[in-house]
Amino acid sequence: MNHNANMSYREVIPRNLNPEEWIEVEINTGTQSTLQDIKTFGKSGSFCYSNLENIQNRNRFIYWRTYQDIVELSEVSLDVTLMRNHVRLRFTDSAILNVSLSEQENSVTLLVVTVSSIHRIVFPARSDGMSAGASAAEAQKHSVFYDANLNLKDRSTFHVLDGSMAINVPHLAASDLSQNNEEAFFAVDYQTKLMLYAMNCRTGTTITHEVKESNLMPRFLSNLKGALTGRGENMEAAVSMSFTHIEGEMFLLVLYRNNELRLWSVDTLQNIASINCAETQGAQGPQNSVMRKIDEHNFCVFLSHERCAEFICLSIVYNLNETNTKHISLAVQHKVPAPQMDLADFDATASHIWTLWSNSEGDFNVSAIFLGADKAIKWVSAALEPPPDRCCLTIEHGVDPREAYTSYIFHPGRFDYNVIAKALCMFRRANLQFDMKQLSLTMLKEQVAQSVEDEIQSELKDFVVSDEEYLEIATRQWDRFYSCCEQYHIKSSEPTGLAVLGAMDAVCIVRRQSFALLRPCEMLEHLMLVEEHTDDVIAFVASYCRNDLSAAMSFVQLMKIITQLEKLLTDDIKIEMDKKLYQRDDKVIAHLLHRITAGDEGLDDYNSVALPRRYIDQIQLKLQSISHLEAAVNMLLDLLAIVDQDAYPEPTSGLSKSTRFLQSTGALFGSEYGISILAETVKQMAMIRFAVCRNLLILQYIIYGQAGRNNYSIKTNLNFLNSYYTLVWISETPIPLNTPVNFEVSIQRLTRAQLFSGYTRPYSSQIRLNSQTTLLCLFLQSKGLFSALSMLLKESNQPLEQLSMRQTLLQLVGFINQMLWPEAWNDVFPEWLFGSCHHIIIQDYVRLLSGWCDEKAMSRCFMLAVSLLDCGEPQKAIFLFEQVADHVLKEPFLFEQVLKNTPVYSKLECVLSRQHIESKTPEYKQALVHYYLKVIQLFEQHSASDYIIQLAHMAMSKLHVEDPQLPMFQSIVFNNHLQLGHYEEAYHALVYNADTSRRKDCLRQLVIMLFQCKRFDLLMQLPYNCLQDEFENIVESRARSLSIDQNEVYNFLYAFHANKGNMRKAATVMYEQAMRLQVDSDAPDALQKRCSSLLVCINCLYLVDKRYRWIAKPKVGDDKLPMEQDNEESPKADNKSGQDVIVLELADIRRELLHAEALRELSHHRKDVGAYELAGAEELSYLLATCGLYTAALKLARGYEFSVLPIFESLAAACVSTSEDKSKDAWTWLQNNDLADLAHRNSAADMAWSLLQKLVVDNELSESTLIRKAVVNRILTLNAFVPQWLYDSYKLANSRELLLLYVKHNRLLDATDLACEMIGGMLGAGSEYFDFQHSVNVTNPQLSFPINTIDLLRHGLQINGKEHIEYEMAHVKLEEEVARYVETVKRTTEDKMKLAILTERENRQQQQIFG
């Protein structure tokens, strides 16, 4: 403890916090304003929760500051981010004298004394039951000030003091609660009197007492006594007061200006004890004396004398007198001389006195003294944080000043945004107020940039300047704005007070607009920053080198030289070194080091980065004076090493596997303030150690020169230099809190590839002013802090609740450094960074570590490859993935990421403990397969098919020919060729696939894809070889699976079979298409397609041998039967299985074609044609005839060989109707018939009769008059005239039948004319116009005379002749003709008889002659 007690301290300022949202409360007691009558100095202090049984109170405190009539209180927890934790109380026009805070079980009480009133304000602690709708986590987030604006104006909470005149205005006060918390006591000093006020906490009733010496002198003579004795009233005035509790009794300790300290009893108002703190000292000094309470029994007093100052520690002690009664007295414990500086504030504990000093230049200094058992009391300084270094702001050639300055000014944590806003107002010379709640970072940047640009344009006005002049003006204006920021930052960072946080074992420095904490320095920090008490450091270091004091002395001497070199190095050298390290070129760094250490002789062009020769000579002399230089360097390198590379933890450590987040219930240092303090501490230590490494490297180059570049210590130090530069880079690199572009998409890709373990970045969903943070802070918020706490719990024997901030801060920082260390054994930070999907940072991180950090090199290469792939650079990513492949089982990070969810993981968990796996083992091959599959998954999500093919070929090149995984990669090659449209390459890939089932699946995919792309030419050209049957089955299955309405597969299949010469299969395909069009399609063109298919089918069958001109079709509705049948000679073989198959010959298909064509024609005229699809051919022909489609109906009738007479009857009726009706509607049905061979007629009736004539002639069989009979019968039925052509034709075919039809239809006059012509023809007059070949003649055979018909005609004429003369005349005419015919027949008969007798006679004679 004694060694550590003299180690220095360093200030840690929480940075990059959310803007403070103040709860504004104004308390008006109605008193007269006293601000103009009294001047009070601002005070500040802090209060730390001491009830640590409640976990919420760990690392939790309140700090406050006052200014005139305002007191600002802020509650801070390092573990939980509190809500509404800032309150600003304004006591209207009443200056504040005293502020005190005390803790109760469920509340915090604030006591405030102003010049005109006293106040007791209670802030209840919110618990789980206070809000029914609030969860436990929300209750823990609430500050005690959450509802600060409630009940603050209650009259029972304050009391107005007596007297309002300026002469009675008090100047000093103290306050405290009684031990039972029932009364609040306020001590107020009025220069002339000391008053004590006791306020009842329940009722607010206040009782007033005057504290004074008990003597007989009247009150009005008190001041007179002082004047007569020569003692001014100021010597009796109190300068500091404090309450204390001793054994249940309350006392008031008052320090007077005459350095007398009196102990007053609050109960009896009697002076119990007193002591003069400065009996032998001179007159009063320039500073005020101050007293601070250490605990209930101990106090510390600062006394200022004329020539010096001192601290006196006193105790209240109990003594037993002779009567065994307790007697209280004051005793001095320590006297400590104070430095010759102005005391701003101080606080004390039982072991330390903490002081805040200032000098004449306004600089502040914090120092502490350890009140140890030894008498060698020494002051230890604390290193305060300097303002931002302007030298770090360098503008390189070609860089826009706006970009450089905004990047530097708005770097997370560099300037508070309130400071920037105030600097903007100052720069604008305008009194503007910004609402920081509504002003985002982007808006603030825009306001600043616009204001500076306005100033630039105002200076330029109408002048035309060059680019160089414009950049000069812009740089000057931006520098002016930076100066404004710097001034406000320095002003707002001024310390106003210092207080010890007892329960946290920490010290808080209250600043004007923030606070800071002091932490112990580690040894290297102490030597670099403070350079005090080196003897103690030597003793401390000796324990690291077997208590060898000479070695420890050498180490301290080396550190002194390093510290001195830090002061000698110019900012240019440091900046140039940082640039070269960032560029990551070892040769450039070595050259720079040579330039630095070469001295300034002959290096005029390098003077800016060269150390002067005299400095180098001095350093060399000092180095030569170190007795154990090499041992000191090695010891320093050992101290600089974060981790031991030779020691790896057990694989069950689980740190890199952790997926827990910081919960709102509060992890140690888990709040916004706690994480910021951790991050700042990491950054401070990293920068110090980086400076040590850099300076040590320069010293090594001074010692060894360039020839020693291969020296082991130089190599080690160079690695440490790079490592600490990386830590500094991590702690300073800005990163947005908002979700980056495509973050969710990137996370989904990693999740699908099983490269994402479930943790997420805490990207803010709320709009925050500080939308940026550092990479380190984000890492700690996400995962780093919990991992560090896990490591701390494993090494610490105490629970975290019992560990103080001082005990845990540096330990946690050490564990965080272990996680961030590039050569560390754990993968926590790389794993988190990998999941952050912030690709620019990932790539920069990998670049910084490339070339020198061999640990996890391939893991970072894998991270970089994934990042590049996500950034759209697959050509770079695939090269890196190929490099990583052979190291999957060599680095635990790769093993975890790639194989975590695979069966191989459990078999190869030995990789986590760095065990070597032979490359020839089956597990190694399986790991390679899983690696390439995972990488291929990543590329698939980016649709990088061409690169997937390369990866698959890489994987196949590492597998044996008979490896069972080979077909899988061949299928991957096929699939990606297919996606790229490389169909021929895809075909060759599937052909070489070793797995038959995969080959068939690939062929199916290829066929489907080619059909979708309509690449029928390629489908036709590919040589299917042994896959032709499978190809045909695939195509047939696809043809049947697709809708027939948009199905081109049948046509392709027909073309394929036709191209192969298999016409029977082609016919079968087309028939199936026709059949499906009939059954499945409702498309308008389905009938047309069906007809075409049947026509093609018939054509194909004509090209087949006559023996095989048949096909078999399944019954409609049965889809399971094959489309084509075996080429057997007998079609009957297809029916062996039953009645499921119907054999169709060519004639059947023709008839089906006719039926389809008829339906097609009918569909053009009837919308309900679907209802007649199952109608018979004869019925369909009648329907066609009714629609005027006579040629189609006749075609159907001829094909199916049924009677055409109804069709002709219908046509005849249509002709008659057309003749009678002169409308143009007749042309409609005429045009639907085949009129190609007919001469055009102007009249529709003539055209109709011509069509009838043509059809009768074409369809009437020879020696048949059925059609003409039907036509004439129909015409006569309709009482129309028989056309002449039909009349003449019928006479030549069957005149007797025609005569009968005339008679039958009572067309007697026409029948008479026909009968007369017929009789005349029989008698030889025009017989060529009738169907008999000769007339009545002796030599001709007898003719058949229609006697019955003639008789019917004669009878009819006779009957009708009685009423109509024309019938009578016709009857007479017919009778004459019949009589003439009878007479001629008689004569002819007689002549025939005679001729027959003569002929017989001659024949007989001839027989006799020759007989």
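Source: prediction; values computed, not measured.

### Points about the overall build of the protein chain
Counting its secondary structure elements, the protein chain contains 46 helices and 33 strands. Restricting the contact set of the protein chain to residue pairs at least 6 apart, pairs at least 24 apart contribute 62%. Here the protein chain displays about 66,200 Å² of accessible surface, and carbon together with sulfur accounts for 49% of that area.

### A few points about the packing of aromatic side chains
In the structure shown here, the tally under the stated rule is 43 aromatic pairs. Both rings, one in W729 and one in Y845, keep their centres 6.3 Å apart while their planes meet at 25 degrees; by these two values the pair is stacked. Taken together, the residues W729 in helix α16 (residues 712-732) and Y845 in helix α21 (residues 839-849) connect sequence positions 116 residues apart. Taken individually, W729 and Y845 each receive the classification buried, so the pair is uniform in this respect. Judged by centre distance (5.4 Å) and plane angle (85 degrees), the ring pair of Y1190 and W1229 falls under edge-to-face. Placement of the pair is Y1190 in helix α38 (residues 1190-1200) and W1229 in helix α40 (residues 1225-1231), with a sequence separation of 39 residues. Put simply, the rings of F834, F862, F881, F893, Y931, Y932, F939 and Y947 pair up and form one aromatic cluster. Directly above the aromatic system of Y146 lies the positively charged group of R84, at a separation of 5.3 Å from the ring centroid.

### A look at the pairing of strand β3 (residues 44-48)
Summarising burial for β3: five of the five residues are buried, a large majority. Side chains S44, S46 and C48 project from β3 onto one buried face, and the interleaved G45 and F47 project onto a second face that is buried too. Strand direction decides the pairing type here: β3 and strand β4 (residues 60-67), joined by five bridges, are antiparallel. Each bridged residue has a counterpart across the sheet, and for S46 the counterpart in β4 is Y63.

### Considering the side chain of S1093
Inspection of the secondary structure assignment puts S1093 in helix α35 (residues 1086-1102). The class of S1093 is buried, set by a relative accessible area of 3%. Residues contacting S1093, with those up to four places away along its chain left out, are M1070, Q1073, A1074 and L1077.

### Thoughts on the pattern of salt bridges
By the definition in use, this model includes 52 salt bridges. Residues E72 and R65 are paired through a salt bridge, measuring 3.0 Å at the closest nitrogen-oxygen approach. The class of R65 is buried, set by a relative accessible area of 8%. Salt bridges linked by common partners bring R10, R15, E385, R519, E525 and E680 together as one network.

### Brief notes about helix α12 (residues 586-597)
Helix length check: α12 (12 residues) gives 16 Å between terminal C-alpha atoms against 16 Å at 1.5 Å per residue, within 8%. Among all positions in α12, only I589, A590, L592, L593, R595, I596 and T597 are buried. Within two residues after α12, G599 carries a phi angle of roughly 80 degrees, on the positive side.

### Considerations on the sheet that holds strand β10 (residues 158-160)
Spatial ordering of the open sheet is given by β7-β8-β9-β10, a layout of four strands whose pairing is antiparallel. Looking at strand neighbours, the two that pair on one side only are β7 (96-103) and β10, the edges of this open sheet. Between one strand axis and the next, the sheet turns through 10 degrees on average, direction left out of account. Here seven bridges tie β7 to strand β8 (residues 107-114), and the two strands are oriented antiparallel to one another. The residue of β8 that forms the bridge with V99 is V112.

### Points about empty space enclosed by the protein
Applying the stated criterion across every chain yields a total of six cavities of 30 Å³ or more. Here the second largest cavity defines a volume of roughly 100 Å³. Lining the second largest cavity are 14 residues, and of these L750, H839, V866, S867 and D870 lie nearest its centre. Only α17 (743-752), α21 and α22 (857-870) provide two or more residues apiece to the lining of the second largest cavity. By residue number, the principal contributor to the lining of the second largest cavity is α22, which donates five residues.

### A few points about the sheet that holds strand β14 (residues 206-211)
On the basis of which strands lie adjacent, the open sheet formed by four strands has the order β11-β12-β13-β14 and antiparallel pairing. Looking along the sheet, the strands with just one partner apiece sit at the ends: β11 (172-177) and β14. Looking at each pair of strands side by side, their axes are set apart by 20 degrees on average, direction ignored. Relative to strand β12 (residues 183-189), β11 runs antiparallel, the two sharing six bridges. In the sheet register, L177 faces β12, and the bridge partner there is A184.

### A look at the pairing of β4
Across the eight residues that make up β4, a large majority, seven, are buried. Pairing of β4 with strand β5 (residues 70-77) involves eight bridges; the strand directions are antiparallel. Across the sheet, F61 pairs through a bridge with V76, a residue of β5. Where β4 hands over to β5, the hairpin turn is made up of two residues, of which Q68 adopts a positive phi near 55 degrees.

### Regarding a negative patch on the surface
A cluster of acidic residues, D467, E468, E469 and E472, forms a negative patch at the surface. Structurally, D467 is set in helix α7 (residues 467-492).

### Considerations on the confidence of the model for the protein chain
Note: predicted coordinates in regions of low pLDDT should not be interpreted at a detailed level. Overall, the prediction assigns the protein chain a mean pLDDT of 83, with 87% of residues at 70 or greater. The weakest mean pLDDT in the protein chain belongs to helix α3 (residues 222-229) at 46; the strongest belongs to β11 at 94. Per-residue pLDDT stays below 50 along residues 128-136; that stretch engages in six contacts with residues further than four places along the chain or on separate chains. Counting interchain partners and residues more than four positions distant, the pLDDT-below-50 stretch residues 763-767 has nine contacts.

### Some words on the environment of A1158
For A1158, the position within the fold is in helix α36 (residues 1146-1163). C-alpha of A1158 to C-alpha of K1195: the two residues are 37 residues apart in sequence and 8.6 Å apart in space. Residues in contact with A1158, not counting those within four places in the same chain, are L1180, L1184 and L1196.

### As for helix α19 (residues 805-820)
Taking 1.5 Å as the rise per residue, α19 with 16 residues should run 22 Å; its terminal C-alpha atoms sit 22 Å apart, in good agreement. Burial in α19 covers these residues: M805, T808, L809, L812, V813, F815, I816, N817, Q818, M819 and L820. Looking at the buried residues of α19, the elements they touch are β28 (506-511), β29 (515-520), α15 (672-704), α16, α18 (775-795) and α20 (828-836).

### Points about the side chain of E576
Tracing the sequence through the fold places E576 in helix α11 (residues 571-583). Look at E576 and you get buried, because its relative accessible area is 19%. Setting aside chain neighbours within four positions, we find E576 in contact with L592 and V609.

### Notes on the nonpolar core
Taken as a class, soluble globular proteins show a tendency for nonpolar side chains to be buried jointly. One finds F555, F881, F939 and F969 to be the most contacted residues of the largest nonpolar core, which totals 239 residues. Dropping the residues within four chain positions of it, F881 is found in contact with F862, A865, V866, L869, Y931, V935, L938 and F939.

### Regarding the environment of Q1358
Position of Q1358 among the secondary structure elements: in helix α45 (residues 1347-1361). On a C-alpha basis, the gap between Q1358 and V1372 in space is 9.1 Å, while along the polypeptide they are 14 residues apart.

Calculation rules
Residues numbered from 1 in each chain as written. Predicted model: local features only at pLDDT ≥ 70, side-chain atom pairs only at ≥ 80, totals over all residues. Heavy atoms only, no water. Helix = DSSP H or I, 4+ residues; strand = E, 2+ residues; numbered from the N terminus. Contact = heavy atoms within 4.5 Å. Areas by Shrake-Rupley, 256 points an atom, 1.4 Å probe, with all protein chains shown as cover. Phe/Tyr/Trp six-rings, centres within 6.5 Å; stacked < 30°, edge-to-face > 60°. Buried < 20%, exposed > 50% of the residue type's maximum accessible area, 1.4 Å probe, protein only. Lys NZ or Arg CZ within 6 Å of the ring centre and 35° of its normal. Pairing = 2+ DSSP bridges. Salt bridge = Lys/Arg side-chain N within 4 Å of Asp/Glu carboxyl O. Expected span 1.5 Å × (residues − 1). Axes fitted to C-alpha atoms, helices over the stretch in contact; angles between N-to-C directions. 1 Å grid on protein atoms, 1.4 Å probe; cavity = no way out; pocket = protein on both sides within 12 Å on 5 of 7 lines; lining within 4 Å. Points joined across faces, edges and corners; volume = space filled by probe spheres on them. Patch = residues over 30% accessible without salt bridge, like charges linked within 9 Å, V, L, I, M, F, W, Y side chains within 5 Å. Lys, Arg positive; Asp, Glu negative; His and termini not counted. Charge placed at Lys NZ, Arg CZ, Asp CG, Glu CD. pLDDT = per-residue confidence, 0-100. Core = buried A, V, L, I, M, F, W, Y, C linked by side-chain atoms within 4.5 Å.

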